[in-house]
Structures are given as C-alpha cells and as structure tokens.
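Each chain is listed here by its residues.
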Amino acid sequence: MQFLLRYLPKHCRLRRPHHRGFVDFAAIKHLRDRGLDHAVQREKHLKPMLNIKNLIKSEPAKSLPLSVITQHKDSLDIPSRPIEFIRKYPSIFEEFLPGGIGVHPHIKLTQQVLDLDAEEQLVYQSESYRQDIADRLLKLLMISRINKIPLKILDDIKWDLGLPEDYTKSIVPEFPDCFRVIANENLSSGLDSDLELELVCWSNELAISFIEKKATRGKMDYKKGMPIAFPMHFSKGFEMDKQLKKWFDDWQKLPYISPYENATHLGPSTDESDKWTVGVLHEIFRLFVSKKVEKDALLCLGEWLGIRSRLKRALLHHPGIFYLSSKLGTYTVVLREAYKRGLLIEKNPLISIRSRYIHLMNIVTEDRKAIGVPGGSTQGKKPVPDSEEQREKGDCQGSLEMNDMDSDFENDDDYKYDDDEEEEEEEEEGESKSRARRNAPTSGSKANKKNLNARGSSTNAGTGRHRLVQKHHGMAKDKVQLKDPNRDRLNSSKSKRKLFTERRTAT
C-alpha cells in the first residue's frame, strides 16, 4: 500500500474524492457560434486540394493523368468527381493534353501554387519550426505518461499537429534523444501501420502545461495542486440555471492536476477526474496549430490513452471551453479561448500559408470557364459574364466573398445548435428551391410553344366577342368596332330571314 501511495501525486493522496452533485447535464443546450462555424467552414476542400497538390508534385514530370487521380480518389479525400473538383479551382490546377494528342487529359499545378508551395517548404525546413514540431511530439508522448503512440493515430492528427508528410523521415531522425520509431511488439507484420513513435527521454522543462505557465505568470506564489480556473466563453444567448452555475463555480475551485501526471486512479464519476480530463484535452488542443480537430480523430487518440468515455463527457459538459461544429459533414471540436470573433488569436507560420492557399482557391472562382475535355463534364460551372455590367457584378460578388473570409462577425447573431432544427432548415431550403423552380419562367422552344398555345387559346376564346379599342378612357366617340366575321354572318342571315317574311306577308 505504501508503494502505491508513493507514486500518487502529493495533493491527491489524502484527499477524499468529490463526487458529482445532481446536475442535469442533458439539459445543457449547445448554441451555434457562427464565428467558429466560419473558422471551420473556410477550410472546406483545403485538405483534398493539398493532397492532390502533393501527389502531383511528387511526380518527376510534375503532372499526372486524370485517370490516376481518379483511382486515388478515396485516399485523397476528394468529395466529388475529380474532374469537377479540379475544374473548380483553375488558379490551382491546369488541364492540358500532352503532345496535342486527344487522349486522357493531364493535370499540372499553376505557377502561383508552385511559388506558394516553395514558401511552405521553407517553413518546414526552418530550424525554429522543426524544433517546435519536436516539442509538440514530445509533449504529446508525455501526456498522461503514455510513452508511445502508433503512427496510424499520429497520421490522423498530423494535419492538426502541423507535421510534414514525411515527418518520420525528415523530423524524427533529427531528434534521436527525444523519440524514435519502433515496431509494435505485439504485431510482427512489418507494415508501416504497425510502427509506433516511442519516447526516449522525459523532459521536465516541457512537462508544464500551457495553463500552468499562464497561472505562474499571473501569480508569483502559484504552487502545484492549487485551483486554476479554465477560461470559459459561452455562445451568445446561452443560459444556465442556478444549480448548474453553482456546479461550474465549485468545479473551477477544485485543485488543478497536470495532464503530465498520472491521474487514472481517480474514479470516472468524480469532479476531480473531470477536471483532470479537461486539462488533458486543453493541453492537447494547445499542441494543435489550428486549435481544432475532428471529433473522431480526437476520440481515437482518447481510446489509446484509455480515457475515451471521459473525453466524450468533457466535450458535452463544458460548452464554454469546447465547441462542437457540424460543418463539413462531420463534427469538429474547437478550443473556444483560442479564437476571437472567428479568427485564430495565436499566429503560426503554417496557418498563414494555409490562409494564402484558401485565398488562392477563392480568388478566381467567379472567372472559371468550362473546358471541353474528353470524359469531363461542365455541369455546375458558372457561365462567363457577357456584358460589362455582368462582369462588374461578378467582380463585386467575388470581392465580397473574399472580404467575408476575414470579417470580424460583429453583426452576426448566434442561433441554437440542434441537429433536428438543422435538418428542418435544410428541408425547408430544398422545398423553397423546388417552388422557385416550378415558379421560374421556363426557357427554350417548349416555353415559346406553350406561350403560343396559350395566346392562341385566348384568341379563340375571344372570337365572337365585340372588342372595342378605346383611345381615351370614358369617351364613347372614339370607340372603334373591330370587324367580326361571325357577327357579319349573323346579321346577313337575319336580314335574309326578314326579307323572306316580308315577301311572304305581301303575297
């Protein structure tokens, strides 16, 4: 027993665990934050675009047949048909026929994206950034005393950690005193998916969480185990009852347990365990360059750490610390304190490069043209403006889209975050679009034919009526009777009948 107590943190040895009070956490409403939703939405299609870019760049000819990209559609995470996705970004990709022969089209990169890629490689090759990557990997390995992580889990979050594609060859061998790649002892297949990144040496200097450093700067007398309050930023319109507010206040006053300490001995139903789990999540998010990650990848990492269920509860019970966005067809978890009005507060050279990629993707969306290539499709392409007025209108619309990317969301109102309400909104939007299609005027020969038939039926229905053309309203003198053949025929028959009766009476 003494042996077990010796390895527990000092501030946890003799303290009685504080069990959760009766709080209805299911009643917590998650409200939508448009600023954070925009931070997630603006990176739409960025990852598949960079995947295609890296694949093309890896070829000696710096180009690829379209058929090869189509074969790797799933591994590249292309959301639509490859030809449609490529034509959507003409500032990134160029289509050409090699040798002028009408065979399968090839895809190459534009000079703009090649120049931006060269700047990206300079960021990866800089000594300061490589040291920053090494520190991120080392801190991740030390969290909760997990000394190794499978490479397949790291591959799921390497985008969020800011790792280059070849980090196992370019970064890991450069820091042999920190970590190394080993084979899994339980698996002997020798595949890359069975390899693991193992911690070599523990660093006491790095085993200090971000929030502890912040508290140390604010309080000179701060000691380990003292209460630390996590910053909370609720969505506009969020309401809580007195019981929930009291629980949050008491929860903030609990002693802070570092994520680099082993606290798995705490029961899952205690408030101390919940605060330690939030501390682990908070520190992991601080390791991500964009301070956000997909929920599935985060839970996969939590399963390896042995705290998957605790992570799920922490995400649901603390909407003031973590935000769940349903954009991009999946759930994305965002650290609230890292953003202000939808913009990332902490500056990072890699994030700046990604923002320039996004700008390049959207800068010429209004100018793209449909290119007739065998096997391609022009469906969904915007027509090229014909008149100067249309071109000016398209330019204004494109500039508004770009300005909206960097807006501060000062006038945006937050609204409730509910999957059922979101589905209803999508259904209503679909119904409104269908009604608009039904009510919209049809074009083409069929429409002209319908109009002619309708005009002809109206004239036929009006045949036999006495039509008047009135030049001045209310003046009978200016009325002109139109000639009606049916009425003339009727008048002639009446006159003949009258003449016949007169002759008959005379005789």
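- As recorded by an unreviewed UniProt entry, the protein carries the name PORR domain-containing protein and is attributed to Hevea brasiliensis.

**A closer look at the packing of helix 11 (residues 242-252) against helix 12 (residues 271-287)**
Any two packed helices are characterised by the angle at which their axes cross and by the distance between the axes.
Reasoning step 1: The contact between helix 11 and helix 12 brings their axes to 10 Å, and the two run at 75°. Compared by their axis directions, helix 11 and helix 12 come out roughly perpendicular. The residues of helix 12 that touch helix 11, namely those facing W247, W251 and Q252, are D271, D274, K275 and V278.
Reasoning step 2: Residue composition of the contact of helix 11 with helix 12, grouped by class: three nonpolar, one polar and three charged.

**Description of the sheet that holds strand 3 (residues 93-96)**
Reasoning step 1: Pairing is antiparallel across the open sheet formed by three strands, whose spatial order is 2-4-3. Sheet topology places strand 2 (63-65) and strand 3 at the edges, where each strand pairs with a single neighbour. Each adjacent strand pair in this sheet contributes to an overall mean axis angle of 30°, direction not counted.
Reasoning step 2: Pairing of strand 2 with strand 4 (residues 106-109) involves three bridges; the strand directions are antiparallel.

**Overview of the sheet that holds strand 9 (residues 322-325)**
Reasoning step 1: The antiparallel open sheet is built from three strands, whose spatial order is 8-10-9. Strand pairing shows two members of the sheet lacking a second neighbour, strand 8 (292-294) and strand 9, which therefore form its edges. Put simply, the sheet's adjacent strands are angled 25° from each other on average, direction ignored.
Reasoning step 2: Sheet analysis places strand 9 next to strand 10 (residues 332-335), joined by four bridges and oriented antiparallel. By the bridge assignment for strand 10, Y323 is matched with V334.

**Notes on the pairing of strand 4**
Reasoning step 1: For strand 3 and strand 4, the ladder comprises four bridges, and the chain directions are antiparallel. Looking at strand 4, one finds that E94 is bridged to K108.

**Points about the pattern of salt bridges**
A side chain of one charge can pair with a side chain of the opposite charge when the charged atoms of the two come close.
Reasoning step 1: One pass over the structure, following the stated rule, counts 22 salt bridges.
Reasoning step 2: The residue R356 makes a salt bridge to E119 at a minimum N-O spacing of 2.5 Å. Highlighted residues: R356 in helix 15 (residues 349-362) and E119 in helix 6 (residues 111-125), separated in sequence by 237 residues.
Reasoning step 3: Exposure remark for R356: the relative accessible area of 40% places this residue in the partly exposed category.
Reasoning step 4: By relative accessible area, which is 31% here, E119 ends up partly exposed.
Reasoning step 5: With a shortest N-O distance of 3.9 Å, E196 and K148 are connected by a salt bridge. Placement of the pair is E196 in strand 7 (residues 195-199) and K148 in strand 5 (residues 148-150), with a sequence separation of 48 residues.
Reasoning step 6: One salt-bridge network, held together by shared partners, links K53, K57, D117 and E120.

Scoring rules and cut-offs
Residues numbered from 1 in each chain as written. Predicted model: local features only at pLDDT ≥ 70, side-chain atom pairs only at ≥ 80, totals over all residues. Heavy atoms only, no water. Axes fitted to C-alpha atoms, helices over the stretch in contact; angles between N-to-C directions. Helix = DSSP H or I, 4+ residues; strand = E, 2+ residues; numbered from the N terminus. Parallel < 35°, antiparallel > 145°, perpendicular 65-115°, else oblique. Contact = heavy atoms within 4.5 Å. Nonpolar A, V, L, I, M, F, W, Y, C, P; charged D, E, K, R; others polar. Pairing = 2+ DSSP bridges. Salt bridge = Lys/Arg side-chain N within 4 Å of Asp/Glu carboxyl O. Buried < 20%, exposed > 50% of the residue type's maximum accessible area, 1.4 Å probe, protein only.

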